[in-house]
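# Notes for the structure review
Spelled out, the chains give:
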Amino acid sequence: MDILSQVAKGMQVILTKTADILGRKTGFIKRQRKLSGSSFVQGLVFGWLSKPDSTLEELCQTTAALGTDISAPGLSKRFTQKASEFLKKVLESAVEVMIANNPVAIPILQRFNGVSIQDSSIITLPDELAEIWVGCGGSSPVNTSSSLKFQLRLNLNTGKLLGPYLQSGRDNDRNSQLSKIPFPKGGLRIADLGYFTLGDFKQMNSDGIYWLSRIKASCKLYYEDKEWDLVKFLETHCKNEGDELDIQVELGLKDRVPCRLMAKRVSDKLAMIRRCKLMSEAKAKGEKVSEKVLRLASWAILGCNIPYELLNMDEAFVLMGTRWQIELLFKLWKSHGKIDEWRTENPWRIMCEVYAKLLAMLIQHWVLLAGCWEYANRSLFKAVKTIQRHAMALACAFASGRISRLRESLETIQRCLSVGCRINKRKKDPSTYQLLLAIDGGS
């Protein structure tokens, strides 16, 4: 099935049949009224996809364009706990729809059976929602008791997105449902320190899965049958600015995970900048930075189980830089999708808005896959603005009930995304796609 057909079918199933079934199953729809489960979801999703800060009146206009008339007060009354439970179920169903495009033409990514990056982000919620989503706490007297964490895993080759999987803000990243979904053999996992566990690395070694990660400052290692503290090891073997290491070691005291350790000693100036940033971030959280972490700022350091023949050290550091692509996706969802902003103090309306906007962002990602993922120099920020301009036309095509018209609308968006939604080349401070292509002599 081609990508446009995947997107059209996914939208049609989730926003019609699935929504109506779940509307009745959750008790949100108790008897047939003019506002069905599907019309409620469609109005919110397309309304906020088109304009993320839409008012109730503007959402009602979107719902009317989709064929259902409802007043602003009438819509406001529908934002209940039952409605939030219903929207959460629809979102969970959408997450199970797997949509992927053909692999993007970046040779280094094609060395692996998928290069996947994963991370989490948090949405702070009103304290009244603490019974549903427990927060992390904090120094502020309000809005610290409840927060929602969502996990994402993005395949850089095909654009396939796993998530958003939801959990309380207080929960550890490694306890997410996402952690239960395996990586393919020969695939590469790139993640930050929140996912650093020697047990996982050992299991991935056994399963034939590649991993690339930063190393925790507290980690112990074995080299030539001698136990070392990580910082002490680097201070001994990588003393001067510009010194490099790329050696085989074993991480940990008990698990003793075979690992390729790569490190570069950075300049004193860069190390000082890093330390200042670490202390500033810790101060904002009311925390302190350990001495080991401050000392470790003198090196750029990575660990992996990837053989040198497949990836050299310079390539590994470039590839690690792709982890920021998921940070950009979070920024895209928050700055353009406004998933953490709302116009109300009603906690259940807020919860409805969060779930509906996350669903809108997932559908937006599907449209991005169909329109511009195949281009290495795609600009997702430019593409999102284009999708927002076409969202109401897409809604009307969807309302026709004809898959052919929905596909035509998607084709129009696809044509628009193929023109102009590009990142300009930069001679100074090259973008990620330029660095990746440069590895294999691309342009």
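One can find the structure itself at the top, above this paragraph.
Below, the structure is looked at part by part. (Residues numbered from 1 in each chain as written. Predicted model: local features only at pLDDT ≥ 70, side-chain atom pairs only at ≥ 80, totals over all residues. Heavy atoms only, no water.)

Turning to the overall build of the protein, a few remarks are in order. Of the regular secondary structure elements, the protein holds 15 helices and 10 strands. Taken over C-alpha atoms, the radius of gyration comes to 24 Å for the protein, in line with the 22 Å a tight globule of 443 residues would show. Taken along its principal axes, the extent of the C-alpha atoms in the protein is 75 × 50 × 40 Å. Per-residue burial over the protein gives 51% buried out of 443 residues. Accessible surface computed for the protein: about 20400 Å², of which carbon and sulfur atoms make up 49%. Side-chain charges in the protein split into 64 positive and 46 negative, and the spacing between the mean points of these groups amounts to 4 Å. (Helix = DSSP H or I, 4+ residues; strand = E, 2+ residues; numbered from the N terminus. Rg over C-alpha atoms; globule rule 2.2 N^0.38 Å. Buried < 20%, exposed > 50% of the residue type's maximum accessible area, 1.4 Å probe, protein only. Areas by Shrake-Rupley, 256 points an atom, 1.4 Å probe, with all protein chains shown as cover. Lys, Arg positive; Asp, Glu negative; His and termini not counted. Charge placed at Lys NZ, Arg CZ, Asp CG, Glu CD.)

Most often, soluble globular proteins have nonpolar side chains that are buried together. Judged by nonpolar contacts, the single largest core of 108 residues is most densely connected at Phe-40, Leu-212, Leu-319, Trp-333 and Leu-359. Looking at this core element by element, the count peaks at 18 residues for helix α12 (residues 347-372). With residues near it in sequence (within four places) discarded, Leu-319 still touches Ile-108, Leu-109, Phe-112, Leu-188, Ile-190, Leu-212, Leu-311 and Leu-436. Counting residues in each nonpolar core, the second largest holds 28 residues, with Ile-215, Leu-230, Leu-245 and Ile-301 among its members. (Core = buried A, V, L, I, M, F, W, Y, C linked by side-chain atoms within 4.5 Å. Contact = heavy atoms within 4.5 Å.)

So, about the packing of aromatic side chains. According to the stated counting rule, one finds 12 aromatic pairs in the structure shown. Judged by centre distance (4.8 Å) and plane angle (40°), the ring pair of Phe-28 and Phe-40 falls under tilted. Highlighted residues: Phe-28 in the loop between α1 (3-25) and α2 (37-50) and Phe-40 in helix α2, separated in sequence by 12 residues. Residue Phe-28 shares its accessibility class with Phe-40, and that shared class is buried. Here Phe-46 and Phe-398 contribute two aromatic rings whose centre-to-centre distance is 5.6 Å and whose plane-to-plane angle is 50°, an arrangement assigned as tilted. Taken together, the residues span a long stretch of sequence, with Phe-46 in helix α2 and Phe-398 in helix α13 (residues 380-399) at a distance of 352 residues. Members of the aromatic cluster, joined through ring pairs, are Phe-28, Phe-40, Phe-79 and Phe-86. Sitting over the ring of Tyr-222, Arg-256 keeps its end group 3.5 Å from the ring centre. Positioned over the ring face of Trp-324 is Arg-323, at 4.6 Å from the centre of the ring. (Phe/Tyr/Trp six-rings, centres within 6.5 Å; stacked < 30°, edge-to-face > 60°. Lys NZ or Arg CZ within 6 Å of the ring centre and 35° of its normal.)

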